[in-house]
Amino acid sequence: MKSPDRYGVIGYPISHSRSPLIHRVFAEQTGEAIEYEPLKVRPDKLERAVRQFQRAGGKGLNVTAPHKSEVIKLCDHLSERAATAGAVNTLSFRDHEIHGDNTDGIGLLRDLAVNHDLTLENMRMLILGAGGATRGIIGPLLEMRPALLIIANRTLGKAKALTQHFSGFGPVSACRLDEVPDDTDYELVINATSAGLKGDTPSYPAAAVSPETICYDLSYGLSPTPFSIWAREQGAAESIMGWGMLVEQAAESFNIWRGVRPQTAPVLEHMLITV
Ligand code: ATR
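Participant: Explain the pattern of salt bridges to me, please; I cannot follow it from the model alone.
Facilitator: Two side chains that carry opposite charge are able to pair once their charged atoms sit near each other. According to the stated counting rule, one finds 16 salt bridges in the structure shown. Put simply, Arg 258 and Glu 32 hold a salt bridge, and the shortest N to O gap is 2.7 Å. Of this pair, Arg 258 sits in helix α8 (residues 243-258) while Glu 32 is found in the loop between α1 (19-30) and β2 (34-40), placing the two residues 226 residues apart along the sequence. We classify Glu 32 as partly exposed; its relative accessible area is 21%. Between Lys 73 and Glu 70 there is a salt bridge whose closest N-O contact spans 2.5 Å. Here Glu 70 falls in the partly exposed class, since its relative accessible area comes to 40%. Among the charged side chains, a salt-bridge network with shared partners connects Lys 2, Asp 5, Glu 32 and Arg 258.

Participant: Sorry if this is basic, but what is going on with the sheet that holds strand β7 (residues 124-128) here?
Facilitator: The strands that make up a sheet are held in pairs by hydrogen bonds between backbone atoms, and each pair lies either parallel or antiparallel. Read across the sheet, six strands follow the order β9-β8-β7-β10-β11-β12 without closing on themselves; strand pairing throughout is parallel. Each of the sheet's edge strands pairs with one partner strand only, and the pair in question is β9 (172-176) and β12 (238-241). Strand-to-strand twist across the sheet, computed as the mean angle between neighbouring axes with direction ignored, equals 20°. Both strand β10 (residues 188-191) and strand β11 (residues 214-217) contribute to a ladder of four bridges, which runs parallel. Bridge pairing in β11 places Asn 191 opposite Asp 217.

Participant: How do you make sense of the domain arrangement of the chain when you look at a structure like this?
Facilitator: Interfaces are often described in size by the accessible area the parts lose on coming together. Each domain of the chain was delimited in the assignment, giving domain 1 (5-102 + 247-274) and domain 2 (105-241). For domain 1 and domain 2, the distance between their C-alpha centres works out to 25 Å. In this assembly, eleven residues from domain 1 lie in contact with twelve residues from domain 2. When domain 1 packs against domain 2, the two sides together hide about 920 Å² of surface, and 55% of this comes from carbon and sulfur. Joining domain 1 to domain 2, the criterion identifies one salt bridge. A salt bridge links Arg 110 to Glu 248; the nearest nitrogen and oxygen atoms lie 3.4 Å apart. At the junction of domain 1 and domain 2, the tally comes to three residue pairs in polar contact (both at pLDDT 80 or more).

Participant: Is there a simple way to explain the site of the ligand in this structure?
Facilitator: Around the ligand sit 15 residues in total, of which Ala 130, Asn 153, Arg 154, Thr 155 and Ser 194 are the nearest. In this structure, Asn 153 approaches the ligand through a side-chain N or O atom, which is 2.6 Å from an oxygen atom. Protein chains shield 75% of the accessible area of the ligand, which is 630 Å² for the free molecule.

Participant: I tried to follow the packing of α1 against α8 on my own but got confused; where do I start?
Facilitator: For any two helices packed against each other, the geometry comes down to the angle between their axes and how far apart the axes lie. Taken N-terminus to C-terminus, the directions of α1 and α8 make an angle of 55°; their axes are 10 Å apart at the nearest point. As judged from the angle between their axes, α1 and α8 are oblique. You can see that α1 and α8 cross each other, and the crossing is right-handed. Across from Ile 22, His 23, Phe 26, Ala 27 and Thr 30 in α1, the residues of α8 making contact are Leu 246, Val 247, Ala 250, Ala 251, Ser 253, Phe 254 and Trp 257. Across the contact of α1 with α8, the residue classes tally to nine nonpolar, three polar and no charged.

Participant: Whenever I open this one, the sheet that holds strand β6 (residues 97-101) confuses me. Can you help?
Facilitator: With respect to topology, six strands assemble into an open sheet ordered β2-β1-β3-β5-β6-β4, the strand pairing being mixed. The sheet is open, and its two edges are formed by β2 and β4 (77-78), each paired on a single side. Across the face of the sheet, α1 comes into contact with β1 (5-11), β2 and β3 (60-63) while running at roughly 175° to β2. Where α8 meets the sheet, its contacts fall on β1, β2, β3, β5 (90-94) and β6, and the angle it forms with β5 comes to roughly 5°.

Participant: Whenever I open this one, helix α4 (residues 104-115) confuses me. Can you help?
Facilitator: Since there are 3.6 residues in each turn of an α-helix, residues three or four apart along the chain are aligned in direction. With twelve residues, α4 extends 15 Å from end C-alpha to end C-alpha; this agrees with the ideal 16 Å at 1.5 Å per step. For α4, the set of buried residues is Asp 104, Gly 105, Gly 107, Leu 108, Leu 109, Asp 111 and Leu 112. Just downstream of α4, Asp 117 is the residue with a positive phi angle, here 55°.

Participant: Would you explain the packing of α4 against helix α5 (residues 132-143) in this entry?
Facilitator: Relative orientation of the contacting elements α4 and α5 amounts to 55°, with a least axis distance of 8 Å. Classified by the angle their axes make, α4 and α5 are oblique. Crossing geometry of α4 relative to α5 is assigned as right-handed. For the pair α4 and α5, contact is made by Gly 105, Leu 108, Leu 109 and Leu 112 and by Gly 136, Ile 137, Pro 140 and Leu 141, respectively. By residue class, the composition of the contact of α4 with α5 is six nonpolar, two polar and no charged.

Rules used in this analysis
- Residues numbered from 1 in each chain as written.
- Predicted model: local features only at pLDDT ≥ 70, side-chain atom pairs only at ≥ 80, totals over all residues.
- Heavy atoms only, no water.
- Salt bridge = Lys/Arg side-chain N within 4 Å of Asp/Glu carboxyl O.
- Helix = DSSP H or I, 4+ residues; strand = E, 2+ residues; numbered from the N terminus.
- Buried < 20%, exposed > 50% of the residue type's maximum accessible area, 1.4 Å probe, protein only.
- Pairing = 2+ DSSP bridges.
- Axes fitted to C-alpha atoms, helices over the stretch in contact; angles between N-to-C directions.
- Domains from an automatic or database assignment.
- Contact = heavy atoms within 4.5 Å.
- Buried area = accessible area lost by both parts, 1.4 Å probe.
- Polar contact = N/O pair within 3.5 Å; in protein donor to acceptor, adjacent residues only side chain to side chain.
- Near = heavy atom within 4 Å.
- Areas by Shrake-Rupley, 256 points an atom, 1.4 Å probe, with all protein chains shown as cover.
- Parallel < 35°, antiparallel > 145°, perpendicular 65-115°, else oblique.
- Left-handed = near helix turned anticlockwise from the far one by under 90°.
- Nonpolar A, V, L, I, M, F, W, Y, C, P; charged D, E, K, R; others polar.
- Expected span 1.5 Å × (residues − 1).

This is the structure we're talking about:
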């Protein structure tokens with residue numbers, strides 16, 4: 001009998017990753033014969049680890065922090081969305097070549113539009129943070145034709161650089177995190193800072209949240225994240241953690257690798273019960 005195809009996720013650290021669990025459930029659900037393992041890879045060992053996995057016959061890897069930008073250098077081919085995002089979260093090994101793609105943005109869109117039934121067209125959006133996570137989601141969000149998308153960041157220059165990069169894609173502008181224009185009713189506020197991961201709670205812009213605002217934290221945790229607690233305290237209409245995006249981006253990767261899109265709802269339910 002043919003042994004299962006090999007997949008995995010590389011990151012540093014990696015023990016917290018839920019991807020092995022998610023892909024195991026997808027494999028059971030779809031009857032695909034795959035193995036999926038977590039690989040703890042230090043930044044200076046990235047290339048060696050990827051090439052070793054490829055040589056050993058591995059079929060694909062998910063890529064997580066801190067490798068998403070660096071891994072681009074190893075790709076022979078990049079999808080357009082990965083090139084725009086400047087980040088890769090999915091590698092496929094085919095015909096001795098490495099294909100890089102990015103499913104984070106589409107994962108977020110699916111969570112917002114399908115799981116939470118939101119209409120993104122014409123929405124007034126605010127993103128907090130201007131690092132790698134923001135870069136990965138701006139392009140797909142602008143494709144949904146929001147009314148406006150403001151990037152607020154502690155370091156204004158980084159937010160400005162992103163708006164310059166994406167200005168041809170839609171109505172995007174930049175401001176300082178503590179100078180968010182308060183004359184706008186934001187319908188969606190996304191936290192894409194890494195502050196919570198570092199245990200920091202910056203002064204998020206309270207004036208940006210009204211009872212109509214949906215707050216979405218790209219981070220997620222076993223207990224509510226600092227941003228999701230803050231959003232509730234501000235009286236947001238909804239405060240969502242990024243579990244749905246995690247499961248949806250995984251489903252897109254699974255589809256790239258296996259040509260089958262798993263159902264995400266039962267997995268999300270399973271995750272929220274088991275975490
Ligand atoms: P990257 O994703 O590029 O590796 P990062 O250092 O993890 O970057 O930071 C991601 C984002 O979180 C950045 O926008 C960062 O703000 P700066 O550009 O000003 O560094 C933001 N961030 C991290 N910690 C923060 C904090 N304590 N307060 C406010 N913003 C913070």
